[in-house]
Amino acid sequence: MPARGRPRRFDRTAALRTAMVLFWEHGYEGTSLSALTSAMGITATSLYAAFGSKEQVFREAVELYNSDSAASEEALAAGPTAREAIETMLRENAAAYVDPSTPRGCMVVLAGMNLTAANEGVGRYLAACRAGDRANVVARLRRGVREGELSSSADPEDVADYYLTVLHGLSIQARDGFTLEQADAVVDTAMAAWDGFARGSGGGAASAHERA
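Nothing here was measured: the structure is a model prediction, and the numbers come from that model.

Caption draft 1: How the structure looks around helix α8 (residues 120-146). The end-to-end C-alpha distance of α8, which contains 27 residues, comes to 39 Å, matching closely the 39 Å that a straight helix rising 1.5 Å per residue would cover. When we look at burial in α8, the residues that qualify are G121, V122, Y125, L126, C129, V137, V138, R140, L141 and G144. One or two steps after α8, the chain reaches G148, where phi turns positive at roughly 85°.

Caption draft 2: Quick peek at a negative patch on the surface. Together, E73, E74, E92 and D133 line one region of the surface with negative charge. Summarising the element assignment, D133 is placed in helix α8.

Caption draft 3: Local environment of the nonpolar core. Among the nonpolar cores identified, the biggest contains 60 residues, and F58, I86, M107 and W194 are the most heavily contacted of them. Once residues within four sequence positions are removed from consideration, M107 is found in contact with M20, F23, W24, F58, A61, V62 and Y65.

Caption draft 4: Here's a closer look at the environment of R59. In this structure, R59 sits in helix α4 (residues 54-68). Taking C-alpha positions, R59 is 8.1 Å from V122, a pair spaced 63 residues apart along the chain. In this view, R59 contacts G121 and Y125; residues no more than four positions away in its chain are not counted.

Caption draft 5: Representation of the environment of S151 within the structure. Relative to the helices and strands, S151 resides in the loop between α8 and α9 (156-175). For the pair S151 and A198, spaced 47 residues apart in sequence, the C-alpha separation works out to 5.6 Å. In contact with S151, not counting residues within four places along its chain, are V145, A198, R199 and G200.

The rules behind the values
- Residues numbered from 1 in each chain as written.
- Predicted model: local features only at pLDDT ≥ 70, side-chain atom pairs only at ≥ 80, totals over all residues.
- Heavy atoms only, no water.
- Helix = DSSP H or I, 4+ residues; strand = E, 2+ residues; numbered from the N terminus.
- Expected span 1.5 Å × (residues − 1).
- Buried < 20%, exposed > 50% of the residue type's maximum accessible area, 1.4 Å probe, protein only.
- Patch = residues over 30% accessible without salt bridge, like charges linked within 9 Å, V, L, I, M, F, W, Y side chains within 5 Å.
- Areas by Shrake-Rupley, 256 points an atom, 1.4 Å probe, with all protein chains shown as cover.
- Salt bridge = Lys/Arg side-chain N within 4 Å of Asp/Glu carboxyl O.
- Lys, Arg positive; Asp, Glu negative; His and termini not counted.
- Charge placed at Lys NZ, Arg CZ, Asp CG, Glu CD.
- Core = buried A, V, L, I, M, F, W, Y, C linked by side-chain atoms within 4.5 Å.
- Contact = heavy atoms within 4.5 Å.

Here it is, written out as structure tokens:
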């Protein structure tokens, strides 16, 4: 009698990528456990054995998303000037947000909306991810101050908050149907404010940190 074959093992990476797309498109709350297991082609028992929980699947899916979508980090590192780094960050992300081959918008911005109290840990995790992005932008802008691209009176934290608000807004607009041309027009307008930031005037208003 032939030996009994081993149970077929699922492709963990492929299953995680499937989960990533579901969470990206429907959000954490909108993706049920049954939808996950069905799309991943595994049972709930297998999911818990491989990942531990739905939240852990989500966290690993976000890590996969971030490894695939390194536009911000790469732009900040490669941009020869702070201005070019910020503009490239905005334009490359905007193009990714409206890419028809993937769900629209940014998973880290959109997947944690409307969380219940039971899932506050997911919200904190995503907020920490966004805080890490903010720290990278602030660091690049501080380098710009040191290198003389921005006035010593410019507040890197205020400038970072402005451009990240634009970036996150582009994610929402992408989900609502923005075209690449519309997104680029928003980036054009946002970059028109750069000279004021570079002078440290911020359009003539005192920075939030100065007012505090």
